[in-house]
Amino acid sequence: MLLLALLAAPGAAQGTKYLYGSPDLSATISGTNEFAPGAETNLAVIISNSGLNTHKIVGSTLITPDDQPNTAKLVTVALKGTDTPFTVKTDPQFLSDIMGGAAATATFEVKVADSAEPGTYVLPLEVTYTYLADAEEYGSDLLRYNYQKKTETLPLTVRVTPDLQVEVLDVRSESLNVGTEGYVYLTLKNIGHDTANNAIAKVTRNGASPLIPTDGSAYVGTFEPGETVDVKFKVSVADTAEPKSYPLDVAVTYEDYEGTSVTSRSATIGLPVGGKIAFEVVSPESTLYLGQKSILEVVYKNVGAATVYNAQARISAVDPFTSSDDTAFLGDLAPGQTATARFEVNVDGDGTEKKYGIDSEIRYRDDLDNSKISDTMKVTVALERREGAIFTNPVFLVAVLAVIAGAGYYIFVYRKKQR
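Note that the structure is a prediction, hence the values are computed from the model and not measured.

Chemist: Which residues make up the pattern of salt bridges, and what are the values?
Modeler: Pairs can form between side chains of opposite charge once their charged atoms are near each other. In this structure the tally under the stated criterion is ten salt bridges. Among the salt bridges present, the one from Lys276 reaches Asp375, with a minimum N-O distance of 3.6 Å. A residue pair is termed long-range when its members are at least 10 positions apart, and Lys276 in the loop between β20 (267-272) and β21 (279-281) and Asp375 in the loop between β29 (371-373) and β30 (377-384) qualify at 99 residues. Members of the salt-bridge network, linked through shared partners, are Lys111, Asp114 and Arg265.

Next up, the structure:
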């Protein structure tokens, strides 16, 4: 009868009061709930409030409360990873109020353990909030709120998927020197839980490392969990490298249990790089003579860190030098070995007596039969004029012969006239 009287009072300001209702929270993951071992992700969780107010009264003597019973106030959420392979890196988050029929999102940074077993796990989401249990009126101008605090745990289902994980059991390199190509031999093991189909092992450059794959793929085929395989790659080393170890990344591209093409997480290995292949001229300064043809002997030494094959030395003869035989075969040279090259050199008689630097280089083949050319080296040659060389100078000899011939002709003519 009181309710009817309140509703019948004409012209009165109407107040509203909800007698029954409370928050009803649930949580879901936005996006996928499947993660591979070792994955790091931002897990977005949607907290929805489906709570309803089931009874409402309206009357001129009622004071309308500021809050409704189905509003979750001062909401705080905390994601737990206890007894699961998930590690939550984000602290509890404050979401403020969630009204009935509304939702709020909290994002948590989550890391899945590398050793996580495939399967389904439940992450507990602990939600703490306050709600209006009831409001008591005292007279026409006083309303007393009775709030209750509540904590409840909402389950979030997540799944760890099987995957392939690469472990490098053995590393061996061959002919890896600065400025050359070499081979890398690896023994790989699948320590994951997925059978990889059409697996291809790959090596890739690690950042700005001077190790650059030139043949960086090796077909493996089916790669079972626990299985090991041996693979081989060809890698070049930049000229700017130094003799020390550098990183190289290894991964496997394959078809997973769903037939989707995926790539495993990379494993990084270190490879030692030997010194650059280099040569030096170790013979003493040579002396050649102006106006003569001579044999220039040059001794070369392999001062690098690797053997070279089919080496050939070459000089670049420039004025006052000329050569019709400017190449000499040196053969194979191991580190520390020397070889002597002999070049036939003509020296212009009008040249200047001084020291000259003749450019020289060596063409060779490395361990992988790549053709290479060394840095340019200077061969020091001193030019001198041999004493008495004027008597062997062709120009001088021609002049002398001309004088003798002229003298002979004069004597012949003179005697003929005397007769």
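Chemist: Go over the pairing of strand β13 (residues 181-190), please, and point to the residues and values.
Modeler: Within β13, eight of the ten residues are buried, leaving the element largely enclosed by the surrounding structure. Pairing analysis gives eight bridges linking strand β12 (residues 166-174) to β13, with the strands arranged antiparallel. Of the residues in β13, the one forming a bridge with Val168 is Leu188. Linking two consecutive strands that pair antiparallel, namely β12 and β13, is a turn of six residues; a positive phi of about 65 degrees is found at Ser175 within it.

Chemist: Outline the sheet that holds strand β23 (residues 293-302), listing residues and values.
Modeler: Strand order in this open sheet of four strands is β21-β23-β27-β25, and the pairing throughout is antiparallel. Of all strands in the sheet, those with a lone pairing partner are β21 and β25 (321-325), marking the two edges. Mean inter-strand twist for the sheet, computed between neighbouring axes without regard to direction, equals 40 degrees. Pairing geometry for β23 and strand β27 (residues 338-347), over nine bridges, is antiparallel. Pairing of Ser294 across the sheet is with Val345, part of β27.

Chemist: So what's going on with the side chain of Ser175? Residues and values would help.
Modeler: Along the chain, Ser175 turns up in the loop between β12 and β13. For Ser175, the side chain forms a polar contact with the side chain of Asp367, separated by 2.7 Å. Those residues in contact with Ser175 that lie beyond four places of it in its chain are Thr180, Glu181, Gly182, Asp367 and Leu368.

Chemist: Break down unusual backbone geometry for me, citing the residues and quoting the values.
Modeler: Along the chain, Asp319 connects to Pro320 via a cis peptide bond; the corresponding omega equals 15 degrees. Note that Pro320 resides in the loop between β24 (308-316) and β25. Even without being a glycine, Leu74 presents a positive backbone phi close to 55 degrees. Within the secondary structure, Leu74 is located in strand β6 (residues 72-79). Despite not being glycine, Asn310 shows a phi value in the positive range, around 50 degrees. Within the secondary structure layout, Asn310 lies in strand β24. For Asn310, a relative accessible area of 46% translates into the label partly exposed.

What counts and how
- Residues numbered from 1 in each chain as written.
- Predicted model: local features only at pLDDT ≥ 70, side-chain atom pairs only at ≥ 80, totals over all residues.
- Heavy atoms only, no water.
- Salt bridge = Lys/Arg side-chain N within 4 Å of Asp/Glu carboxyl O.
- Helix = DSSP H or I, 4+ residues; strand = E, 2+ residues; numbered from the N terminus.
- Buried < 20%, exposed > 50% of the residue type's maximum accessible area, 1.4 Å probe, protein only.
- Pairing = 2+ DSSP bridges.
- Axes fitted to C-alpha atoms, helices over the stretch in contact; angles between N-to-C directions.
- Polar contact = N/O pair within 3.5 Å; in protein donor to acceptor, adjacent residues only side chain to side chain.
- Contact = heavy atoms within 4.5 Å.

Structural measurements only, silent on function.
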